[in-house]
Amino acid sequence: MRAAVGERVAGPCRTSCDHLTLRATQRGEYLADSFAARCGSTAAAVGLMDGLLVSGSASATLLRESNALRNRRSSGGRAAGEAESGLWERLAAHVESIPASEYERQRRRSAVRGHSVDSTHPPTHLRRSRLLAVAALPAAVTVDSARDAVLRAELSGARGVVARRVLNGG
């Protein structure tokens with residue numbers, strides 16, 4: 001009973017706070033986009049926006065991978081370790097295979113439907129347009145091949161853990 005009463009009070013308060021802070025939250029997203037462009041380049045930040053538009057396709061690929069592993073397990077097929085080891089490479093190959101026309105279609109669809117990551121983010125097409133409206137910036141942070149190897153080695157354990165969770169439906 002107390003929880004229900006608390007939610008009746010807290011719910012409207014939370015909604016009011018969301019409305020009061022929405023503009024500041026969205027401004028923060030635009031500032032974060034500008035910072036991303038300064039760090040990794042305008043082209044990379046715009047590429048991230050495009051990636052958000054096709055994230056559904058990436059999610060579907062991960063779901064297919066999870067279902068395929070489940071089917072192999074039930075039929076005594078390939079071990080999970082093999083599926084985990086190449087998951088990220090298969091996902092990257094899938095995303096790279098998405099044609100430019102699909103990105104363009106998703107950009108047009110985003111502008112019509114107002115795609116955004118969630119209710120606190122500005123629409124993705126507006127974020128993308130804002131990045132392209134100013135002079136393109138080169139990457140301020142770059143990674144050479146030696147540093148890339150160190151980063152890959154450092155993240156290899158986490159890649160396996162996350163791959164296992166994804167493939168097990170988590």
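The structure we're discussing is the one just above.
Note that the coordinates shown come from a computational prediction; the quantities given were computed from them, not determined experimentally.

Observations regarding the side chain of Gln-26
Reasoning step 1: With respect to the helices, strands and loops of the structure, Gln-26 is situated in helix H1 (residues 2–40).
Reasoning step 2: Among residues more than four places away in sequence, those in contact with Gln-26 are Ser-119, Thr-120, His-121 and Pro-122.

Some details on helix H5 (residues 87–97)
Reasoning step 1: Along H5, the residues that are buried comprise Leu-87, Leu-91 and His-94. One side of H5 holds all its buried residues, which, seen down the axis, span an arc of 60°.

What to know about the nonpolar core
Reasoning step 1: Counting nine residues, the largest nonpolar core consists of Ala-58, Leu-62, Leu-69, Ala-83, Leu-87, Leu-91, Ala-163, Val-166 and Leu-167.
Reasoning step 2: At the level of elements, helix H3 (55–74), H5 and helix H8 (145–167) are the ones that each hand at least two residues to this core.
Reasoning step 3: Other than its neighbours up to four places away in sequence, Leu-62 contacts Leu-87, Trp-88, Leu-91 and Val-166.
Reasoning step 4: Core analysis: the next-biggest nonpolar cluster, separate from the first, contains five residues, Ala-37, Ala-45, Met-49 and Leu-131 among them.

Structural notes on the packing of H3 against H5
Reasoning step 1: Where H3 meets H5, the closest approach of the two axes is 10 Å, and the angle between their N-to-C directions is 140°. Taken together, the axis directions place H3 and H5 in an arrangement best described as oblique. Handedness of the crossing formed by H3 with H5: right-handed. On H5, the residues that touch Ser-57, Ala-58, Thr-61, Leu-62, Arg-64 and Glu-65 of H3 are Leu-87, Trp-88, Arg-90, Leu-91, His-94 and Val-95.
Reasoning step 2: Taken together, the residues of the contact of H3 with H5 break down into six nonpolar, three polar and three charged.

Cut-offs and rules
- Residues numbered from 1 in each chain as written.
- Predicted model: local features only at pLDDT ≥ 70, side-chain atom pairs only at ≥ 80, totals over all residues.
- Heavy atoms only, no water.
- Helix = DSSP H or I, 4+ residues; strand = E, 2+ residues; numbered from the N terminus.
- Contact = heavy atoms within 4.5 Å.
- Buried < 20%, exposed > 50% of the residue type's maximum accessible area, 1.4 Å probe, protein only.
- Arc of directions from axis to C-beta.
- Core = buried A, V, L, I, M, F, W, Y, C linked by side-chain atoms within 4.5 Å.
- Axes fitted to C-alpha atoms, helices over the stretch in contact; angles between N-to-C directions.
- Parallel < 35°, antiparallel > 145°, perpendicular 65-115°, else oblique.
- Left-handed = near helix turned anticlockwise from the far one by under 90°.
- Nonpolar A, V, L, I, M, F, W, Y, C, P; charged D, E, K, R; others polar.

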